Number of protein chains: 2
Amino acid sequence: MSGTSLDGVDAALVDIEGSEFETKVKLVKFNTYEMPKEIKAEIKRACSVEESSVELICSLNFKLGYLFSKAVQHICEEAKVSVEKIDFVASHGQTIYHIPKGKGSIIPSTLQIGEPSVIAYENNLKVISNFRTMDMAAGGEGAPLVPYSEYILYGGRGETIAFQNIGGIGNVTVIPAKRNIDEIFAFDTGPGNMIIDEVCSRLFNVSYDKNGDIAKTGNINEGMLKNLMDHPYLKKTPPKTTGREDFGEDFVKNLLEKFKDIKPEDIVKTVTAYTAFSIVDSYKKFVLPKTKLDKVLLAGGGTHNKVLIQLIKDGLKGIDVFTQDEIGYSSDAKEAIAFAILGNETLNKKTSNVAAATGAKRNVILGNISLPPFGGS
Amino acid sequence: MSGTSLDGVDAALVDIEGSEFETKVKLVKFNTYEMPKEIKAEIKRACSVEESSVELICSLNFKLGYLFSKAVQHICEEAKVSVEKIDFVASHGQTIYHIPKGKGSIIPSTLQIGEPSVIAYENNLKVISNFRTMDMAAGGEGAPLVPYSEYILYGGRGETIAFQNIGGIGNVTVIPAKRNIDEIFAFDTGPGNMIIDEVCSRLFNVSYDKNGDIAKTGNINEGMLKNLMDHPYLKKTPPKTTGREDFGEDFVKNLLEKFKDIKPEDIVKTVTAYTAFSIVDSYKKFVLPKTKLDKVLLAGGGTHNKVLIQLIKDGLKGIDVFTQDEIGYSSDAKEAIAFAILGNETLNKKTSNVAAATGAKRNVILGNISLPPFGGS
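Because the structure is a prediction, the values reported are computed rather than measured.

Caption draft 1: Focus on the overall build of chain A. When helices and strands are counted, chain A shows 14 helices and twelve strands. Its C-alpha atoms give chain A a radius of gyration of 20 Å, near enough to 21 Å, the size a compact globule of 377 residues would have. With respect to the principal axes defined by its C-alpha atoms, chain A has extents near 60 × 50 × 45 Å. Of all intrachain contacts in chain A linking residues separated by at least 6 positions in sequence, the fraction that spans at least 24 positions is 71%. Counting every atom, chain A has about 14,700 Å² of accessible surface; 48% of that belongs to carbon and sulfur. Side chains of chain A give 44 positive and 48 negative charges; the mean places of these two sets differ by 3 Å.

Caption draft 2: Broad picture of the nonpolar core. Ranked by size, the top nonpolar core spans 149 residues in total, and within it A:I43, A:L64, A:I96, B:I43, B:L64 and B:I96 carry the most contacts. B:L64 has contacts with B:I39, B:I43, B:Q94, B:I113 and B:G114, leaving out every residue within four places of it along the chain.

Caption draft 3: Geometry of the UniProt feature "binding site: ATP" (unreviewed entry) in chain A. Residue and element names in this part refer to chain A. According to UniProt, the positions carrying the feature "binding site: ATP" (unreviewed entry) are G3, T4, S5, L6, D7, G8, V9 and D10. Within the secondary structure layout, G3 lies in the segment before strand 1 (9–17). In this structure G3 comes out as partly exposed when scored by relative accessible area, which is 25%. Tracing the backbone through its elements, the reader meets D10 in strand 1.

Caption draft 4: Looking closely at the interface of chain B and chain A. Taken together, the contacts link 59 residues of chain B with 59 residues of chain A. Carbon and sulfur atoms supply 67% of the area buried between chain B and chain A, which totals about 4,700 Å² over both sides. Inspection of the region where chain B meets chain A yields two salt bridges. Between A:E55 and B:K103 there is a salt bridge, with the nearest N and O atoms lying 3.2 Å from each other. Our count for the chain B to chain A interface comes out at 23 residue pairs in polar contact (both at pLDDT 80 or more). Among the elements of the structure, helix 1 (37–47), helix 2 (54–79), strand 4 (94–99), strand 5 (109–113), helix 3 (116–123), helix 4 (132–137) and strand 12 (368–370) of chain B are those that each provide at least two residues to the side of chain B that touches chain A. Per element, the largest residue contribution to the side of chain B that touches chain A is nine residues, and it comes from helix 2 of chain B.

Caption draft 5: Representation of the sheet that holds strand 8 (residues 169–175) of chain A. Residues and elements named next belong to chain A. The strand order across the open sheet built from five strands is 9-8-7-10-11, with neighbouring strands paired in mixed fashion. What marks the edges here is a single partner per strand, and that holds for strand 9 (185–191) and strand 11 (321–323). Strand after strand, the sheet turns through a mean of 20 degrees between neighbouring axes, direction not considered. Relative to the sheet, helix 5 (residues 147–154) contacts strand 7 (161–166), strand 8 and strand 9, its axis offset from that of strand 8 by approximately 35 degrees.

Caption draft 6: Structural view of the domain arrangement of chain A. Residues and elements named next belong to chain A. Taken domain by domain, chain A holds domain 1 (8–142 + 362–370) and domain 2 (148–327). Between the C-alpha centres of domain 1 and domain 2 the distance comes to 24 Å. Between domain 1 and domain 2, the residue contacts involve 13 residues of the former and 15 residues of the latter. Counting each side, the surface lost to burial between domain 1 and domain 2 is near 1,200 Å², with a carbon and sulfur contribution of 55%. Area buried by domain 1 at its contact with domain 2 is led by F21, K44 and E141, which between them contribute 48% of it. Counting across the interface, domain 1 meets domain 2 through one salt bridge.

Caption draft 7: A look at the confidence of the model for chain A. Averaged over all residues, the pLDDT of chain A equals 95, while 100% of them reach at least 70. As scored by the predictor, the complex reaches a pTM of 0.85 and an ipTM of 0.85.

Caption draft 8: Representation of the relation of the copies chain B and chain A within the structure. At an RMSD of 0.0 Å, chain B and chain A line up after a rotation of 180 degrees and a shift of 0.0 Å along the axis. Both copies of the chain, as the preceding transformation shows, are related through a two-fold rotation axis.

Rules used in this analysis
- Residues numbered from 1 in each chain as written.
- Chains lettered and ligands numbered in written order.
- Predicted model: local features only at pLDDT ≥ 70, side-chain atom pairs only at ≥ 80, totals over all residues.
- Heavy atoms only, no water.
- Helix = DSSP H or I, 4+ residues; strand = E, 2+ residues; numbered from the N terminus.
- Rg over C-alpha atoms; globule rule 2.2 N^0.38 Å.
- Contact = heavy atoms within 4.5 Å.
- Areas by Shrake-Rupley, 256 points an atom, 1.4 Å probe, with all protein chains shown as cover.
- Lys, Arg positive; Asp, Glu negative; His and termini not counted.
- Charge placed at Lys NZ, Arg CZ, Asp CG, Glu CD.
- Core = buried A, V, L, I, M, F, W, Y, C linked by side-chain atoms within 4.5 Å.
- Buried < 20%, exposed > 50% of the residue type's maximum accessible area, 1.4 Å probe, protein only.
- UniProt positions renumbered as here; feature names shortened; annotations may be inferred.
- Buried area = accessible area lost by both parts, 1.4 Å probe.
- Salt bridge = Lys/Arg side-chain N within 4 Å of Asp/Glu carboxyl O.
- Polar contact = N/O pair within 3.5 Å; in protein donor to acceptor, adjacent residues only side chain to side chain.
- Pairing = 2+ DSSP bridges.
- Axes fitted to C-alpha atoms, helices over the stretch in contact; angles between N-to-C directions.
- Domains from an automatic or database assignment.
- pLDDT = per-residue confidence, 0-100.
- Least-squares fit on C-alpha atoms with pLDDT ≥ 70 in both.

Next comes the structure, spelled out in structure tokens:
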């Protein structure tokens, strides 16, 4: 998969057995392969209403298919596992647009690209892809989809746990202490690394704030922070989802124009604080009034940003907050593993959206199956 | 399915048994449902490099999913067959872009929309869709795909038959007298109804030239015809495919600007003649030097245009030319039935492209399978 942060193609090779609560999953190998610059630039254009075109999207869908095929081959090589031994590929693809609510003639819909036929052909493998569309067909927002895997792996074990992912976008899943899928709730908290990365790219010509080193040297600008906290997304009641269309390039461009007199490092610190507070705020408004939390587990690329993590921990005083790495799990691999679990459920004809998290009318079997094109199982 | 001519959604309800040469297929009901004006306008925008956007394509993909779902429901109602009795839906979708050859950073690819998850959800049915991508992944041009069904239904019966389809685009398949898939050859001959329809819409405000009545009143303008016959597509050696990007709105707009002094009915007659001669010419250049033809069978919406058909018959003197309707088959239903046959082969894990027709490196299993989302077979 490739997330909204566009920092690379994540590939997880997993051993998986059983299904639903009997699922046993073991990470064999994980890696993130750098996204070639030209492709990253094309994805950004494809995500923009103004710059995208049918020609670009048509071509990029196939181009990403080839890129994801290579990721499959590379992760197998690294693990010294022959590609022929793979049972299936679960491919999330690259989201290029997501419309959780309709507006005017535009109806609720979502668009992930990375042609599964290409992945299937290049490896003669079965591919399950396009997981989000069926949830939207069922009236859901098509996101978040990670809750299902958290539920079957960690649910019903006597602790209420908030799983906070910090990718391009931030999202939280609250897994109940008891095994009851309807008690799960989840939503996108707001920006993850998306604003920080775009600001770093524009002001410091680096793709992200490594360890939070830039933020460390700056100060929060209260006026700018207040302006950011007024964003309408933070006030919306869950279920809710967001993406590049809310906090992407256009948003940052406008922000930097508006606050062009502030020192670059202060801007980085302020958007880092904004990202942290949008998470903390979401918990105070929408999680803690409903349930106590035994634990908060942070995952995703954002967990490497020390300033961001410290600000979250400070904001949630009194609750145990850990990064997944601190408790011995791979934080980076989490989402890719989640989609392997979803693909496995599809092949077992099991539903794997969490209607309580996405707002769908019912739980449904997700994804499309592309068969190995030369035959075989 | 909905073709490049955008004149409606074709739905064929068929009884199908067996696979490959054992396939028995019976048309139960066929209808073409009018394409709502707003959706037709959105498709045209989505097909245009200048006017398309990721937002439009994302939304339209779902919108067409709902439209195709309704077509499934309507054809079942008309046939008094319960939707629950349907084993599967084979959905071609709507082609919005097709790049048979790459150019610069744009790679060979194709894009059909009409979200299969929506069709599957609205009817709790299995859906096979996205047939063209796997052929392109295999190095083919993704078209034509109809040859396979013609081959298994009519092939190897002692006659060499050319199947000429006249939809938005014209395409021919030559089926050999002997049962040998590698002897099939097929290619897009050039425009079908696409130029005629667009000219009628711009000059007469009607969506097509019913029965050829407008062309009947006009005369061929030799200068304009010569200019049209010089189009580079006609000179290309097969395998070759074309579409709206070559003969669509932009093409007609430029044509009408260039020849604005010619009488409207003469323009209609001239583009009708061009369409006929592009077919006749293709046979003379690329078919008849290779094989004798026992029969030419014309199908598709263009067969209702009497002027067009007469011009083709005149141009192919000495060969028996019939419309499918003249020999008792439904010409309109042909393509929709062909995709039902392809869907059936996919479920039987059989390959169904004709590499000799598409230029693919090998024959492959086509399409993605979306499972019935609430479970069931």
